Amino acid sequence: MESSVLAYMERYDYENVFLCQDRSVGLKAVIAIHDTTLGPATGGCRMWTYAREGDAIEDAMRLARGMTYKYAAAGVNLGGGKVVIMGDPRKDRTEALFRSLGRFIHRLGGLYITGEDVGTTLREMEWMRMETPYVITLPAAWGGAGPISGATALGVVEAMEAACEEAFGTPDLKGRSVAVQGLGAVGYEAVRILTERGAKVYAGDIDAEKVRRVVDEFRAEPVADPNAMATMDVDVYCPCALGATLNDDTVPNLRCQVVAGSANNQLQAERHGDLLHERGIWYAPDYVANAGGTIFDTDRLLPGGMQPERAMENVRRIGETMRRVFAIAKSEGIPTYLAADRYAEHRIAEVAKSQALRRASDVRMD
Ligand code: NAD
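Residues numbered from 1 in each chain as written. Predicted model: local features only at pLDDT ≥ 70, side-chain atom pairs only at ≥ 80, totals over all residues. Heavy atoms only, no water.

## A few points about the overall build of the protein
Counting its regular elements, the protein contains 13 helices and twelve strands. Split into buried and exposed, the 366 residues of the protein put 52% on the buried side. Put simply, 63% of the contacts in the protein that link residues at least 6 apart link residues at least 24 apart. Of the roughly 16800 Å² of accessible surface on the protein, a fraction of 49% belongs to carbon and sulfur atoms. In the protein, 42 positive and 51 negative side-chain charges are present, and the distance between their average locations comes to 3 Å. (Helix = DSSP H or I, 4+ residues; strand = E, 2+ residues; numbered from the N terminus. Buried < 20%, exposed > 50% of the residue type's maximum accessible area, 1.4 Å probe, protein only. Contact = heavy atoms within 4.5 Å. Areas by Shrake-Rupley, 256 points an atom, 1.4 Å probe, with all protein chains shown as cover. Lys, Arg positive; Asp, Glu negative; His and termini not counted. Charge placed at Lys NZ, Arg CZ, Asp CG, Glu CD.)

Written as structure tokens, this is what we have:
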């Protein structure tokens, strides 16, 4: 972090940063609360071997802010938060540690709601749920939504159709060539949906077994070098593996007209989003395109509790959201990644206004 924590908080308008320590179980964690205009700060629990305390604080803060934008753009009424634990997920994931963290989260009284993230699984969510109700990602048997990657994949394909409409004049995926990089939980489902919609799918993964599976099940075309997929000669590049695949090496050499995938942080730096814009390539901003799982997961907070049909309907609306983002990009002449931020900021500002009205009407004169 290039400045003090409070200066960083002021720059990006954070509300709180909490440090949690419990020597008896070896817990050191940071809970960052970015913005609660839309609702309780929510975001996953990451466990990572941070070299320095400052790195953990910065990561928690950066990720919390990302969640504010993700929920705002997804139409979900939650704010942005995150907890990071300084630890090694291969050996430090003990029941005692997570129950202790669960108690710290409970102490915040619902200001922060946690979930699964890098380095944690549903098992740790169960342990935290023993101490607090403020856990969103849970197995279905614990009242959670269960697997969410199918919803994420559906949202990605809806976003892809919106981007194809800009690039090719029609959202129809029939006959479009799509390179799906990464055939894990989301990529596999994406190949399934794309095949159903008539696309010609090229599929690659560093795990040959996963490639064989989609070739057998969906007649996808296998790709020999999964690392070189960004620059394939296809209509659409669909990154569903790691982040930062849009970088100095790839963006100048892209041959596709559309990028739409599930991977987080696809742009290595913002300038790569600027370059995509200059090159006329339609980039579906990652946090908008991959929000399907989040929308599905948080449906249980809506009236009546979890309703899968309603949840999937809201996931399909990602296409509509993407069209609004593209409209902002066109009318303001800005790259799509910036347009997505504008869209999210606008929603937060509008809700803040209506909250101010509500507060004004709450004033009692007696
Ligand atoms: P996953 O771990 O199930 O799958 C990732 C796949 O990518 C694996 O099969 C892996 O072998 C493959 N891979 C790794 N490096 C590769 C490379 N260089 N080239 C090709 N393939 C490679 O993960 P997932 O849940 O499918 O998520 C995929 C991406 O989408 C991640 O970036 C994740 O953060 C993001 N995402 C996932 C969800 C969700 O619902 N699971 C939601 C939002 C964002």
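## Notes on the site of the ligand
Taken together, 21 residues sit near the ligand, with Thr-152, Asp-205, Asn-227, Ala-241 and Ser-262 positioned nearest. Separating an oxygen atom of the ligand from a side-chain N or O atom of Thr-152 is a distance of 2.6 Å. Taking Val-186, its main chain carries an N or O atom lying 2.9 Å from an oxygen atom of the ligand. Contact with the protein chains removes 73% of the 830 Å² of surface that the ligand exposes when unbound. Of the residues in the shell around the ligand, the class split is ten nonpolar, nine polar and two charged. (Near = heavy atom within 4 Å. Polar contact = N/O pair within 3.5 Å; in protein donor to acceptor, adjacent residues only side chain to side chain. Nonpolar A, V, L, I, M, F, W, Y, C, P; charged D, E, K, R; others polar.)

## Quick look at the layout of surface pockets
Of the pockets and cavities examined, the second largest pocket occupies roughly 400 Å³. The wall of the second largest pocket is formed by 19 residues, among which Ala-74, Gly-75, Val-76, Ile-295 and Asn-314 lie closest to the centre. Every element with two or more residues in the lining of the second largest pocket is listed here: α2 (53-74), α12 (318-332) and α13 (336-362). Counting residues per element, the lining of the second largest pocket draws most heavily on α12, which supplies four residues. When residues of the lining of the second largest pocket are assigned to domains, at least three fall in each of domain 1 (5-137) and domain 2 (149-336). (1 Å grid on protein atoms, 1.4 Å probe; cavity = no way out; pocket = protein on both sides within 12 Å on 5 of 7 lines; lining within 4 Å. Points joined across faces, edges and corners; volume = space filled by probe spheres on them. Domains from an automatic or database assignment.)

## Overview of the packing of aromatic side chains
Going through the model one piece at a time under the given rule, you end up with five aromatic pairs. Taking 5.5 Å as the distance between ring centres and 55° as the angle between the ring planes, the aromatic pair formed by Tyr-188 and Phe-218 counts as tilted. One end of the pair, Tyr-188, is in helix α6 (residues 185-196); the other, Phe-218, is in helix α7 (residues 208-218), with 30 residues separating them in the sequence. What makes Phe-218 buried here is its relative accessible area of 16%. Through successive ring pairs, a cluster of aromatic residues spans Tyr-8, Tyr-12 and Tyr-14. A cation over an aromatic ring shows up here: Arg-213 above the ring of Tyr-188, its NZ or CZ 3.9 Å from the ring centre. (Phe/Tyr/Trp six-rings, centres within 6.5 Å; stacked < 30°, edge-to-face > 60°. Lys NZ or Arg CZ within 6 Å of the ring centre and 35° of its normal.)

## Here we look at the side chain of Asn-290
Residue placement: Asn-290 occurs in the loop between α9 (286-289) and α10 (292-297). On the basis of relative accessibility, which here comes to 6%, the residue Asn-290 falls in the buried class. A polar side-chain atom of Asn-290 sits 2.9 Å from the main-chain carbonyl oxygen of Ser-262. In contact with Asn-290, other than residues within four places in its own chain, are Lys-70, Thr-152, Val-156, Ser-262, Ala-263 and Asn-264.

## Some words on the domain arrangement of the protein
For the protein, the assigned domains are domain 1 (5-137) and domain 2 (149-336). On a C-alpha basis, the centres of domain 1 and domain 2 stand 27 Å from each other. The interface of domain 1 with domain 2 comprises eleven residues on the first partner and 13 residues on the second. Here domain 1 packs against domain 2, burying approximately 1000 Å² in sum over the two surfaces, 63% of which is carbon and sulfur. When the buried surface of domain 1 facing domain 2 is broken down by residue, Lys-70, Ala-73 and Ile-136 rank first, second and third, together holding 52% of it. Scanning the region where domain 1 abuts domain 2 turns up four residue pairs in polar contact (both at pLDDT 80 or more). Of the residues assigned to the side of domain 1 that touches domain 2, the class counts are eight nonpolar, one polar and two charged. (Buried area = accessible area lost by both parts, 1.4 Å probe.)

## Details of the sheet that holds strand β10 (residues 236-239)
Pairing in this open sheet of six strands is parallel, and the strands run β9-β8-β7-β10-β11-β12 from one edge to the other. A single partner strand is all that each edge strand has here, and the edge strands are β9 (221-222) and β12 (282-283). As paired elements, strand β7 (residues 177-181) and β10 share four bridges and run parallel to each other. Each residue of the ladder has a partner; that of Gln-181, found in β10, is Pro-239. Along the sheet, α6 contacts β7 and β8 (200-204); its crossing angle with β7, the most-contacted strand, is approximately 165°. (Pairing = 2+ DSSP bridges. Axes fitted to C-alpha atoms, helices over the stretch in contact; angles between N-to-C directions.)

## A closer look at the pattern of salt bridges
Between side chains of opposite charge, a pair can form as their charged atoms come close. Following the criterion strictly, the structure yields 28 salt bridges and no others. Among the ionic pairs, Glu-124 bridges to Arg-93, the shortest N-O distance being 3.5 Å. Pair noted here: Glu-124 is in helix α4 (residues 122-129) and Arg-93 is in the loop between β5 (79-86) and α3 (95-107), with a separation of 31 residues, a long-range link. Under the relative-accessibility criterion, Glu-124 is labelled buried at 3%. On the basis of relative accessible area, Arg-93 is assigned to the partly exposed category, the value being 31%. Between Glu-217 and Arg-213 there is a salt bridge, and its shortest N-O distance comes to 3.2 Å. Taken together, the positions of Glu-217 and Arg-213, both in helix α7 and four residues apart, correspond to about one turn of that helix. Looking at Glu-217, the relative accessible area reads 43%, which means it is partly exposed. (Salt bridge = Lys/Arg side-chain N within 4 Å of Asp/Glu carboxyl O.)

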